[in-house]
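# Close look at the chain arrangement
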Amino acid sequence: MTQRPGQLHLNAFLMSVGHHEASWRLPESDPFANTSVAHFKNLARIAERGKLDSVFLADSPVLWNNVGRRPAGTLEPTVLLAALAGVTEHIGLIATASTTYNEPFNLARRFASLDHLSGGRAGWNIVTTAGVDAARNFNLDELPAHSDRYARAAEFIDVSLKLWDSWGDDAPLGDKETGVWGDDHKIYPPRHVGRYFKVEGALNVPRSPQGYPLLVQAGSSDDGKELAARYAEAVFTAQQTLEDAQRFYVDLKGRARALGRDPGSIKILPGIVPVIGATEAEAHALDAELDRLIKPEYAKRQLAQTLRVKPEDLDLDAELPRDLPSEDQIEGAKSRYTLIVSLARRERLTVRQLIGRLGGGRGHRTFAGAPEQVADAIQHWWEQGAADGFNVMPPVLPSGLEAFVEHVVPILQKRGLFRTEYTGQTLRDNYGLPRPANLNPGRDLVAAAE
């Protein structure tokens, strides 16, 4: 097959000491690295050494899982990325933040600040946050309906865009001779009144180096894909098979085209958990050792929560019950629910086997092999139109990221599939995306008031 034009995009998804839930039990792992700034600085430097496009931190405003299961507790990602900005120069810095449990002004200010202090390397992974536990941390008794969360998210993004554009690029003057620091006529207050938000004034941070952060989205439900088609510039997705990934790719690009967007302006990055060994046998031995270290009682409890059943309804040595809730009955994480159930049904997995498959990547594709085999797997999906790149999720950190950077990236570079040097300064440069023009949404309102 003729090689596609352009090159792969690679993001490093950094999660405590690795994506595999048992990674913290390996002799090499620091079980307390989840709150170590030094640990994350080291990871960011490794990823930048590999010329990766970006690093990404997930987040949720709730304490997930039983703390006995794996390292629990995460540092607030925009704060952590501010620290990582100081020890890197080119790699993008993407943080998750919820539209359900934040306000547009505060969040827009945080990301504009991160973009300024990093020299234009900030990205926002937009999530609506599933789960009633999070809702109950924010004065709610129940999780807001799926459709309401996505409607709120769309308005939240619209308001954020107005806030980021509330300063003209040339509003700051710094004219010492006239004593005029800035031009008030180039401040455009949003004066937004909508269903979910009322926001009057301009942001108290000038327009940032990128104009606004790279917009990333990770939901794969119909509502999630519509939100992505409308706003996203990069999409993190979970796909188990080439065929599913191709369908998702065509669907999302088609939705973007229907909205008048260039489909090439959205980079689709499926997750891959690469278990890398010097040989295929070594990789499979590491994979088996990690699965052996899973404590099934914890994993079964988490799986039951995801499937909306009781733990006692799941028999470790039997397949999933036939009478699971339908997708229509699921209000949170619809796409992940569907992926897990489809995987279990398609491969006729027992609960124990399913726990092993989910232990490494929570539904993302896990691939064990030698570096050449991992590179082949990445190239195959790329050439078959299933991905614009990958969200790389090392099962163990830092060793898994080091193995990917030192052994897989050079193969991709040699094949002409990945950059050998950074050619720009901003995260948008890394993804080959232009700096957005300032739409000045408040211009007419300001003019009418004068």
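Bear in mind that the values here come from a model prediction, so they are computed numbers and not experimental data.

Rules of the game
Residues numbered from 1 in each chain as written. Predicted model: local features only at pLDDT ≥ 70, side-chain atom pairs only at ≥ 80, totals over all residues. Heavy atoms only, no water. Helix = DSSP H or I, 4+ residues; strand = E, 2+ residues; numbered from the N terminus. Contact = heavy atoms within 4.5 Å. Salt bridge = Lys/Arg side-chain N within 4 Å of Asp/Glu carboxyl O. Buried < 20%, exposed > 50% of the residue type's maximum accessible area, 1.4 Å probe, protein only. Axes fitted to C-alpha atoms, helices over the stretch in contact; angles between N-to-C directions. Parallel < 35°, antiparallel > 145°, perpendicular 65-115°, else oblique. Left-handed = near helix turned anticlockwise from the far one by under 90°. pLDDT = per-residue confidence, 0-100. Polar contact = N/O pair within 3.5 Å; in protein donor to acceptor, adjacent residues only side chain to side chain. Phe/Tyr/Trp six-rings, centres within 6.5 Å; stacked < 30°, edge-to-face > 60°. Expected span 1.5 Å × (residues − 1). Arc of directions from axis to C-beta.

### As for the environment of arginine 346
- Assignment of secondary structure puts arginine 346 in helix H10 (residues 334-347).
- Separated by 316 residues in the primary sequence, arginine 346 and aspartate 30 have C-alpha atoms spaced 36 Å apart.
- Apart from the residues lying within four places of it in its own chain, the contact partners of arginine 346 are Gln240, Thr241 and Asp244.

### Notes on the pattern of salt bridges
- Scanning all chains against the criterion turns up 24 salt bridges.
- Close ionic contact of glutamate 226 with arginine 255 constitutes a salt bridge, the shortest N to O distance being 2.7 Å. Highlighted residues: glutamate 226 in helix H6 (residues 222-231) and arginine 255 in helix H7 (residues 242-258), separated in sequence by 29 residues.
- Of the charged contacts in the structure, one is a salt bridge between glutamate 233 and arginine 428, with a shortest N-O distance of 2.6 Å. Remark: arginine 428 occurs in helix H14 (residues 427-430) and glutamate 233 occurs in the loop between H6 and strand E10 (234-237); sequence separation between them is 195 residues. Per residue, the accessibility class of glutamate 233 equals that of arginine 428, and both read buried.
- Beyond isolated ion pairs, a larger network of salt bridges with shared partners links Asp222, Lys225, Glu226, Asp251 and Arg255.

### With respect to the packing of helix H1 (residues 37-49) against helix H13 (residues 399-414)
- At a closest axis distance of 9 Å, the pairing of H1 and H13 adopts a crossing angle of 15°. Relative to H13, the element H1 lies roughly parallel. Once H1 is placed against H13, the crossing between them reads as left-handed. Two secondary-structure elements touch here, H1 through Leu43, Ile46, Ala47 and Arg49 and H13 through Leu401, Glu402, Val405 and Glu406.

### Observations regarding the confidence of the model for the protein chain
- When the pLDDT values of the protein chain are averaged, the result is 90; 93% of them are 70 or greater.
- Contacts of residues 444-450 to residues separated by more than four positions or lying in other chains number 8 contacts, the stretch itself having pLDDT below 50.

### Considering the side chain of serine 208
- Mapped onto the elements, serine 208 comes out in the loop between strand E8 (198-199) and strand E9 (214-217).
- Here aspartate 115 takes part through its side chain, which lies 2.7 Å from a polar atom of the side chain of serine 208.

### Considerations on the packing of helix H12 (residues 371-383) against H13
- Remark: H12 packs on H13, axes separated minimally by 9 Å, with the N-to-C direction vectors making an angle of 55°. As the angle between them shows, H12 and H13 are arranged oblique. Crossing of H12 over H13 shows right-handed handedness. For the pair H12 and H13, contact is made by Pro371, Glu372, Val374, Ala375 and Ile378 and by Phe404, His407, Val408, Ile411 and Leu412, respectively.

### Re the packing of aromatic side chains
- Applying the stated criterion across every chain, the model contains 11 aromatic pairs.
- Considering the side-chain rings of tyrosine 196 and phenylalanine 197, the 6.4 Å spacing of their centres and the 50° angle between planes classify their relative orientation as tilted.
- Given a relative accessible area of 24%, tyrosine 196 falls into the partly exposed group.
- The exposure class assigned to phenylalanine 197 is buried, which follows from its relative accessible area of 2%.
- Taken together, the aromatic side chains of Phe111, Trp124, Phe156, Trp164, Tyr196, Phe197 and Tyr212 make up a single cluster linked through ring pairs.

### Topic: the environment of alanine 229
- With respect to the helices, strands and loops of the structure, alanine 229 is situated in helix H6.
- Distance in space between the C-alpha atoms of alanine 229 and aspartate 323 is 33 Å, their sequence separation being 94 residues.
- Residues in contact with alanine 229, not counting those within four places in the same chain, are Leu252, Arg255, Ala256, Leu259, Arg261 and Ile266.

### Structural notes on unusual backbone geometry
- Going from leucine 397 to proline 398, the amide bond is cis rather than trans, its omega being 5°.
- With respect to the element layout, proline 398 can be found in the loop between strand E13 (389-392) and H13.
- With a phi angle near 65°, asparagine 139 is a residue other than glycine that sits in the positive phi range.
- Inspection of the secondary structure puts asparagine 139 in the loop between helix H4 (132-135) and helix H5 (146-164).

### Some thoughts on helix H3 (residues 104-117)
- Across its 14 residues, H3 extends 20 Å between first and last C-alpha, which sits within 8% of the 20 Å expected from 1.5 Å per residue.
- For H3, the full list of buried residues reads Pro104, Leu107, Ala108, Phe111, Ala112, Leu114 and Asp115. Buried residues of H3, seen end-on, are gathered within an arc of 160° and therefore sit on one face of the element.
- Close packing links the buried residues of H3 with helix H2 (77-85), strand E3 (92-98), strand E4 (122-127) and H5.
- Remark: glycine 119 follows H3 within two positions and exhibits a positive phi of approximately 75°.

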